[in-house]
Amino acid sequence: MHKLFPNFTLKLGNLKMDGRNSFTIVAGAMIFPSILLTDLGVLSYISFGGAISSVIIVAAVLCVGTTKGVGFHEKGNLVNFKGLPAALSLYTFSYGGHAMFPAIYNSMKKKSEFPKVLLLSFITCTIIYASMAIVGYLMYGHNIQSQVTLNLPKEKISSKVAIYTILAGPIAKYALTIMPISTAIESCLPENYREKKPLRILIKMLLLVSTVVLAMLVPSFETVTSLTGALLIILVSFLLPCVCYLKIFKIYKHFGYELAGISGIILLAILVGVLGTYSAIAHIIKEA
């Protein structure tokens, strides 16, 4: 993605204001209008644009692969055990949307169809992720970077479509993504302040500013997402649901296939969490 940014640098303390950071600020400004919205239905339609962008990205990358000079003939090690912890953490991060489920559920007109929506969403995500992984591997093999868009030749139109579309995705989905966080913060306020719109907007603005600053200070997308996936998503989306399910339904009192399966998920989650967190922190220390 660095291919899009102009080559200029301005130092502000420990922060370099180069083309990439300037674009990060512009992206934050583009996101700002969406955080002013409070209607979950409207936010859902906006975030749907982010889902469509994923399909467009896969199609654009496929178009690049079919052009002369690229193709699908690269080879490399199918399994890289050294990068496995980071890969599993990134994979886990991709399925960490559980915090948004209540907001999505409340915005639905037919709430009884929520289980079908979840099933369809996870199936669609799996197909898109698997397609991108296979296509990226066949196109660039072991030379593929943390984001396949970094490998794409910038002179091709389909490459530009993929790069700009992948930038549009987070912009469309950000407002709905931070909704659970802002709601949790609002719940900690005194009751007479919770419904005040200026204060709610201020909280969302602070979340947006902190996100922009974090993106500028920690430029490695791979490191941030792998650390988040290993440390947070594993805990919130895997460990806690399994433990709560065992406690609520008292599955632990009766040994069987269900208990064995849930125990296996918990052990695997702990393993991925520990290895992924260690790998991400080691990578951060190495970069520093």
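Our subject is the structure listed above.
Throughout this document, residue positions are counted from 1 along each chain, in the order its sequence is written. Owing to the predicted nature of the model, reporting of local features is limited to residues with pLDDT of at least 70; listing and counting of side-chain atom pairs is limited to 80 or more, with chain, interface and lining totals taken over all residues. Side-chain metrics rest on all non-hydrogen atoms present in the structure, leaving aside hydrogens and water.

A. Here's a closer look at the overall build of the protein. Across its full length, the protein carries 10 helices and two strands. Over its C-alpha atoms the protein spans a radius of gyration of 21 Å, differing by no more than 12% from the 19 Å that the globule rule assigns to 288 residues. Considered along the principal axes of its C-alpha atoms, the protein spans approximately 60 × 50 × 40 Å. Classification of residues uses two cut-offs on accessible area relative to the type maximum, computed with a 1.4 Å probe and protein chains only: under 20% is buried, over 50% is exposed, and between them is partly exposed. Residues classed as buried in the protein amount to 32% of the 288 residues present. Working definition of accessibility: Shrake-Rupley area with a 1.4 Å probe, residue cover restricted to the visible protein chains. For the protein, the exposed area adds up to about 18,000 Å²; of that, 71% sits on carbon and sulfur atoms. Lys and Arg are tallied as positive, Asp and Glu as negative. Neither His nor the chain termini are counted. A single reference atom marks each charge: NZ on Lys, CZ on Arg, CG on Asp, CD on Glu. Mean positive and mean negative side-chain charge positions of the protein (24 and 11 charges, respectively) differ by 2 Å. Runs of H or I in DSSP of at least four residues are treated as helices and runs of E of at least two as strands, each being numbered from the N terminus. We compute the radius of gyration over the C-alpha atoms and compare it with the globule rule, which gives 2.2 Å times the number of residues raised to the power 0.38.

B. The arrangement of the packing of helix 7 (residues 179-187) against helix 8 (residues 197-217) in detail. Axis separation between helix 7 and helix 8 bottoms out at 10 Å; the angle between their running directions is 125°. Taken as axis vectors, helix 7 and helix 8 run oblique relative to one another. Helix 8 is crossed by helix 7, and the crossing has right-handed handedness. Of the residues in helix 8, those touching helix 7 at Met179, Ile181, Ser182, Ile185 and Glu186 are Arg200, Ile203, Lys204 and Leu207. Side-chain classes are defined by residue name, with Ala, Val, Leu, Ile, Met, Phe, Trp, Tyr, Cys and Pro counting as nonpolar, Asp, Glu, Lys and Arg as charged, and the others, Gly among them, as polar. Looking at the contact of helix 7 with helix 8 residue by residue, the class counts come to five nonpolar, one polar and three charged. Axis lines are fitted through C-alpha atoms, for helices just across the contact stretch, and the angle between N-to-C directions can take any value from 0 to 180 degrees. In this scheme, roughly parallel covers angles under 35 degrees and roughly antiparallel covers those over 145, while 65 to 115 is roughly perpendicular and the rest are oblique. Each crossing is labelled by how the near helix is turned from the far one, with a counterclockwise turn of less than a right angle marking it left-handed and a clockwise turn marking it right-handed. Note on contacts: a residue pair is in contact if any heavy atoms of the two residues lie within 4.5 Å.

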